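Listed below are the residues making up each chain.
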Amino acid sequence: MSIEIFGNDWDDALHVEFTKPYYAKLRQFLNKEYADETIYPQQDDLWTAFKLTPFNDVKAVILGQDPYHGPGQAHGLSFSVKPGVKIPPSLRNMFKELAEDIGCPIPKDGTLTGWAKQGVLMMNTVLTVREGKAHSHRNKGWELFTDEVIRKLSDREKPIVFILWGRPAQEKKKLIDVSKHAIIESFHPSPLSASRGFLGSKPYSKVNAVLKSWNEEPINWCQTSDIL
């Protein structure tokens, strides 16, 4: 009997991971961190990506690296921020490309739950961070967990579009069965690299072209949020 963490089919897909020694060590580390430090996202938001996008509903994956480490930003979806929070620079570039690529009006809110609920798994490769300290939870065990998530998705019969922006995301390519799944890659939307190849890369229309070729419903990228 698997433990219910996600409340959907991710529980079956990932229940073995929660029994492994590395995860017990990671959990011990996180318990101490949450007790002693300010950690983002809040514990209640840790599994947002998995709860909003069940395993068998995943059509596309957008891989991020670290959660945002500023107050009130991270809520468990890569690149997304909580409602009412100022839109970070990378997300601003994503929205700029969204307008250029498929003509969506630039959203006023940076919450991407609308994408997640349409089958876009928005997962960071490290799921927690200490306030103000980027990459502070790197190499603590999260990478083992999220690599296994990618492997499980790669093993799935129904194909997925993997969107890999920047070198750290592209390093995950080795975990993906490219004979079955599609990969769309470019530079990262960060201001440091967006002008070198992210802007103009048309990722949103490319994803939808692939989904249509598979007779799948395309993503309504203009519907970024489900908040009215």
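Coordinates for the structure precede this section.
Residues numbered from 1 in each chain as written. Predicted model: local features only at pLDDT ≥ 70, side-chain atom pairs only at ≥ 80, totals over all residues. Heavy atoms only, no water.

Caption draft 1: Representation of the packing of helix 2 (residues 21-36) against helix 6 (residues 142-155) within the structure. The contact between helix 2 and helix 6 brings their axes to 9 Å, and the two run at 130 degrees. Taken together, helix 2 and helix 6 sit at an angle that is classed as oblique. In this structure, helix 2 meets helix 6 at a crossing whose hand is left-handed. Residues Y22, Y23, L26 and L30 of helix 2 touch helix 6, and the partners they reach there are W142, L144 and F145. Residues belonging to the contact of helix 2 with helix 6 are distributed by class as follows: seven nonpolar, no polar and no charged. (Axes fitted to C-alpha atoms, helices over the stretch in contact; angles between N-to-C directions. Helix = DSSP H or I, 4+ residues; strand = E, 2+ residues; numbered from the N terminus. Parallel < 35°, antiparallel > 145°, perpendicular 65-115°, else oblique. Left-handed = near helix turned anticlockwise from the far one by under 90°. Contact = heavy atoms within 4.5 Å. Nonpolar A, V, L, I, M, F, W, Y, C, P; charged D, E, K, R; others polar.)

Caption draft 2: Region of interest: the state of the cysteines. Taken as a whole, this structure holds one disulfide when the rule is applied. The residue that forms a disulfide with C104 is C222, at a sulfur-sulfur distance of 2.1 Å. Taking the sign of the S-S torsion, -80 degrees for the link of C104 and C222, the bridge is left-handed. Of the two residues, C104 is situated in the loop between helix 4 (89-102) and helix 5 (113-116) and C222 in the segment after helix 8 (203-213); the sequence distance between them amounts to 118 residues. We classify C104 as buried; its relative accessible area is 3%. (Disulfide = S-S within 2.5 Å. Buried < 20%, exposed > 50% of the residue type's maximum accessible area, 1.4 Å probe, protein only.)

Caption draft 3: Spotlight on the environment of D101. Along the chain, D101 falls in helix 4. Sequence separation of D101 and L199 is 98 residues, and the distance between their C-alpha atoms is 9.2 Å. Setting aside residues no more than four positions away along its own chain, D101 makes contact with K202, P203, Y204 and S205. A polar contact is formed between the side chain of D101 and the backbone nitrogen of Y204, at a distance of 3.0 Å. (Polar contact = N/O pair within 3.5 Å; in protein donor to acceptor, adjacent residues only side chain to side chain.)

Caption draft 4: Quick peek at the pattern of salt bridges. According to the stated counting rule, one finds 10 salt bridges in the structure shown. Residue E17 is joined to K20 by a salt bridge in which the shortest nitrogen-to-oxygen separation is 2.6 Å. Given a relative accessible area of 30%, K20 falls into the partly exposed group. (Salt bridge = Lys/Arg side-chain N within 4 Å of Asp/Glu carboxyl O.)

Caption draft 5: The arrangement of unusual backbone geometry in detail. Residue P41 follows Y40 across a cis peptide bond; omega there is -5 degrees. As for its placement among the helices and strands, P41 is situated in the loop between strand 1 (39-40) and helix 3 (48-52). Despite not being glycine, F79 has its phi angle at roughly 70 degrees, a positive value. Relative to the elements of secondary structure, F79 occurs in the loop between strand 2 (60-64) and helix 4. According to the relative accessible area criterion, F79 is buried, its value standing at 8%. Backbone geometry places H135, a non-glycine residue, at a positive phi of 65 degrees. Residue position: H135 is located in the loop between strand 4 (129-130) and helix 6. Relative accessible area serves as the criterion here: at 33%, H135 is assigned to the partly exposed category.

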